[in-house]
Amino acid sequence: MLHYFSKSSIFTLGFLTAFMAVFLQVQLTLFADGDYRGLRIGAADICMPFIGLCVLWSLWRKKTKWPQWFSSRKIIWILSLVLVMSVALLNGYIVSDAFSSWAFINKYIGFFLLLSYFFLGNWIAANVEDRQHIYAVFMRWFVGFFVAVMCATILALVLQPFTPFSLWMQHYPWDGFMVNRNAFMVIFVLVFSFVIWDYAAGSHSFPRWMLLCFWLSMPLFFVFNESRTGWIVAAILGCIFFLKNPLIRAKKVIPLLIVGVGLAYGSYYIVTDQVALAFNGDQLRHLLNVSDAPDEIYMGDQKRYIAIEDGVDLYMRYNPLVGAGLGSYQPFQIEKRGESIEIMDFTALWLLVETGGLGLLTFVSFFAYCAWLLYREGYCDKPSNYHRAMFIFLLLFAGMSVLHELMYTRVLWFSMGLALAVQTNKKEC
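Just so we're clear, the structure is a prediction, and the values are computed from it rather than from any experiment.

Definitions and limits used
- Residues numbered from 1 in each chain as written.
- Predicted model: local features only at pLDDT ≥ 70, side-chain atom pairs only at ≥ 80, totals over all residues.
- Heavy atoms only, no water.
- Helix = DSSP H or I, 4+ residues; strand = E, 2+ residues; numbered from the N terminus.
- Contact = heavy atoms within 4.5 Å.
- Areas by Shrake-Rupley, 256 points an atom, 1.4 Å probe, with all protein chains shown as cover.
- Core = buried A, V, L, I, M, F, W, Y, C linked by side-chain atoms within 4.5 Å.
- Buried < 20%, exposed > 50% of the residue type's maximum accessible area, 1.4 Å probe, protein only.
- Phe/Tyr/Trp six-rings, centres within 6.5 Å; stacked < 30°, edge-to-face > 60°.
- Lys NZ or Arg CZ within 6 Å of the ring centre and 35° of its normal.
- Expected span 1.5 Å × (residues − 1).
- Axes fitted to C-alpha atoms, helices over the stretch in contact; angles between N-to-C directions.
- Parallel < 35°, antiparallel > 145°, perpendicular 65-115°, else oblique.
- Nonpolar A, V, L, I, M, F, W, Y, C, P; charged D, E, K, R; others polar.
- Salt bridge = Lys/Arg side-chain N within 4 Å of Asp/Glu carboxyl O.
- Polar contact = N/O pair within 3.5 Å; in protein donor to acceptor, adjacent residues only side chain to side chain.
- Patch = residues over 30% accessible without salt bridge, like charges linked within 9 Å, V, L, I, M, F, W, Y side chains within 5 Å.
- pLDDT = per-residue confidence, 0-100.

Peer 1: Hey, could you go over the overall build of the protein chain for me, with residue numbers and the actual values?
Peer 2: Along the backbone of the protein chain there are 15 helices and 2 strands. Counted over contacts in the protein chain with a minimum sequence separation of 6, partners at least 24 positions apart contribute 76%. Approximately 20100 Å² of the protein chain is accessible, and the part contributed by carbon and sulfur atoms is 67%.

Written out as structure tokens, the structure reads:
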């Protein structure tokens, strides 16, 4: 089967792209025990060793080309990220006098897994003749699976009163198969970005039924997912969507959203469990009343404030350039408070604390460079809707990462790898 990995094999690479679009939306947590929070892997992670061996074999046999980032000066960016993580791991050992299993497995080894997704996407796009077709395949399957999960979730909600057992997707928070509701919101943001640019291009990449289900399920998704950051980002995306042909789009979409709102409101009378609904105002109240008294602050926010306080405290105790090292936060918090209360659920904060100012600057520079490449591919010369969607998604992803730890979202790295495979001769913007 390995000989099918060739430049002309659009079917094989298209199948692999569709596979990744689906299984990147399924996350698993394994081996959680005691103080170890478990190994969070994607369903696609399990297949990556086999896929990686097939890719390496095809490269060694010279049946396929190396990813563009391997054969250019761009590899310096990747090596810089690896150096930052390696120094942080060593620094963590020096600070804590031990290697943290959480830091070594989840953060360090997990980071190389992210790079493998990046290079896999890079390799696919570099070895296919019709790159736009691959982009269309990825978008169609990615959006299609998300919509299917939403429809299954709504069906579980409706059937719950008639079943003696729990239909787990019905419960708050709705996180699909992503284990975490904010990670599931990231999936929605990318889906919405693809939908927006499909409307803008008038390309009709998605079947009509898929878009119909997407708009109908959106209100219910917001009710049960309850990601406050997601609400803000979705509002921004909504404004972007209505910038072009607002009356025509409103005529097509608003009726579907109204029906979806009706379904969401009706769910209040269907749900039998104690579910935190936006109708009850829980998360919305926490979003609006940001100046609540400390004893009235949402428990999750209290933990976040503690994480910020302890993270800044730890950072101030060590070299500000290299930080306190990977895995140093949890032992520090246990020493300070007698227990581990919360991980640093903010990408920028944990990078600053554990990799230092140089590490944070390196990662910020890398993503800024990727954003610039996406902008050039999406808006210069011959515009690409996939790259436009990825550019908007990366900007919003960066904003969400200020409030949540999302850097290890696999789909970000794979989809960027697809987008940044080949640098074309674009005109200056």
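Peer 1: Account for the nonpolar core, with residues named and values stated.
Peer 2: Core analysis: the largest hydrophobic core is formed by 128 residues, its most contacted members being Met 20, Phe 111, Leu 120, Phe 188, Phe 194, Trp 215 and Trp 413. Here the element with the most residues in this core is helix α6 (residues 181-201); it accounts for 15 residues. Leaving out residues up to four positions away in the same chain, Leu 120 has contacts with Leu 16, Met 20, Met 48, Ile 51, Val 55 and Phe 414.

Peer 1: Account for the environment of Met 316, naming residues and giving values.
Peer 2: Secondary-structure assignment places Met 316 in helix α11 (residues 299-316). Each C-alpha atom, one on Met 316 and one on Val 353, is 8.6 Å from the other, the two residues being 37 residues apart in sequence.

Peer 1: For the packing of aromatic side chains, give the residues involved together with the corresponding values.
Peer 2: Aromatic ring pairs are described here by two measures, namely the spacing of the ring centres and the angle between the planes. A complete count under the given rule lists 49 aromatic pairs for this structure. Ring centres of Phe 192 and Phe 214 lie 5.8 Å apart, and the angle between their planes is 55 degrees; on these two criteria the pair is classed as tilted. A residue pair is termed long-range when its members are at least 10 positions apart, and Phe 192 in helix α6 and Phe 214 in helix α7 (residues 208-225) qualify at 22 residues. Given a relative accessible area of 2%, Phe 214 falls into the buried group. Directly above the aromatic system of Trp 350 lies the positively charged group of Lys 107, at a separation of 4.2 Å from the ring centroid.

Peer 1: I'd like to hear about helix α3 (residues 75-96), residue by residue, with values.
Peer 2: Taking 1.5 Å of rise per residue, the 22 residues of α3 would be expected to cover 32 Å, and the 32 Å separating its terminal C-alpha atoms lies within 8% of that figure. Taken together, the buried positions of α3 are Ile 75, Ile 78, Leu 81, Val 82, Val 84, Met 85, Ala 88, Leu 89, Asn 91 and Gly 92. If you follow the buried residues of α3, they end up packed against α4 (101-126) and α13 (347-379). A positive phi of about 60 degrees marks Asp 97, the residue just after α3.

Peer 1: Could you give me a rundown of unusual backbone geometry, with the residues and numbers involved?
Peer 2: Within the chain, Lys 62 stands out as a residue other than glycine whose phi angle is a positive 60 degrees. Summarising the element assignment, Lys 62 is placed in the loop between α2 (43-60) and α3. Of note in the backbone geometry, Asn 245 takes a positive phi value of approximately 50 degrees without being a glycine. Taking relative accessible area as the criterion, Asn 245 reaches 40% and is therefore assigned partly exposed.

Peer 1: Describe the packing of α3 against α4, with residues and values.
Peer 2: At a minimum axis separation of 10 Å, α3 and α4 run at an interaxial angle of 170 degrees. Looking at the two axes, α3 sits roughly antiparallel to α4. Counted together, Ile 75, Ile 78, Leu 81, Val 82, Met 85, Ser 86 and Leu 89 of α3 and Phe 104, Lys 107, Tyr 108, Phe 111, Phe 112, Leu 115, Phe 118 and Phe 119 of α4 form the full contact between these two elements. Here the residues of the contact of α3 with α4 sort into 13 nonpolar, 1 polar and 1 charged.

Peer 1: Describe the pattern of salt bridges, with residues and values.
Peer 2: Under the criterion given, the structure shown has 3 salt bridges. A salt bridge links Arg 410 to Asp 45, with the shortest nitrogen-to-oxygen separation between them at 2.8 Å. Placement of the pair is Arg 410 in helix α15 (residues 410-419) and Asp 45 in helix α2, with a sequence separation of 365 residues. The exposure classification of Arg 410 matches that of Asp 45, with both residues buried. Across the pair Arg 317 and Asp 313 runs a salt bridge, and its minimum N-O distance is 3.3 Å. Using a relative accessible area of 52% as the deciding quantity, one classes Arg 317 as exposed. Under the relative-accessibility criterion, Asp 313 is labelled partly exposed at 23%.

Peer 1: Any details on the packing of α3 against α13? Residues and values, ideally.
Peer 2: The N-to-C vectors of α3 and α13 enclose an angle of 175 degrees; their axes lie 10 Å apart at closest approach. Comparing their axes, α13 and α3 come out roughly antiparallel. In contact with Trp 77, Ile 78, Ser 80, Leu 81, Val 84, Met 85 and Ala 88 of α3, α13 contributes Trp 350, Glu 354, Thr 355, Gly 359, Thr 362, Phe 363, Ser 365, Phe 366 and Tyr 369.

Peer 1: How would you summarise α6 if you had to cite specific residues and measurements?
Peer 2: For α6, with 21 residues, the first-to-last C-alpha span of 30 Å sits near the 30 Å given by 1.5 Å per residue. Counting buried residues in α6 gives 19 out of 21 residues, a clear majority hidden from the surface. The N-terminus of α6 is capped by Asn 180, whose side-chain oxygen sits 2.8 Å from the backbone nitrogen of Asn 182. Two residues or fewer after α6 comes Gly 202, characterised by a positive phi angle close to 65 degrees.

Peer 1: Account for a nonpolar patch on the surface, naming residues and giving values.
Peer 2: Taken together, the side chains of Leu 90, Tyr 93, Ile 94 and Phe 99 define a hydrophobic patch exposed on the protein surface, amounting to about 430 Å² of accessible area. Among the secondary structure elements, Phe 99 is positioned in the loop between α3 and α4.

Peer 1: Can you explain the side chain of Ser 193? Please cite residues and give values.
Peer 2: Looking at where Ser 193 falls in the secondary structure, it is placed in helix α6. Taking the relative accessible area as the measure of exposure, Ser 193 reaches 1% and is therefore buried.

Peer 1: Please provide a residue-by-residue account of the confidence of the model for the protein chain, values included.
Peer 2: Residues with a pLDDT of 70 or more make up 82% of the protein chain, whose mean pLDDT is 82. Per-element confidence in the protein chain ranges from a low mean pLDDT of 49 for helix α10 (residues 282-288) to a high of 95 for α15. Segment residues 274-281 is flagged for pLDDT under 50; beyond a separation of four residues in sequence, or across chains, it makes 22 contacts in the model. Ignoring residues within four places in sequence, the model shows residues 290-294, a span with pLDDT below 50, making 2 contacts including any to other chains.

Peer 1: Lay out the side chain of Asn 122 with the relevant residues and their values.
Peer 2: One can find Asn 122 in helix α4. Side-chain polar atoms of Asn 122 contact the backbone oxygen of Gly 417, separated by 3.2 Å. Apart from residues no more than four positions distant in its own chain, Asn 122 is found in contact with Pro 67, Gln 68, Trp 69, Gly 417, Leu 418, Leu 420 and Ala 421.

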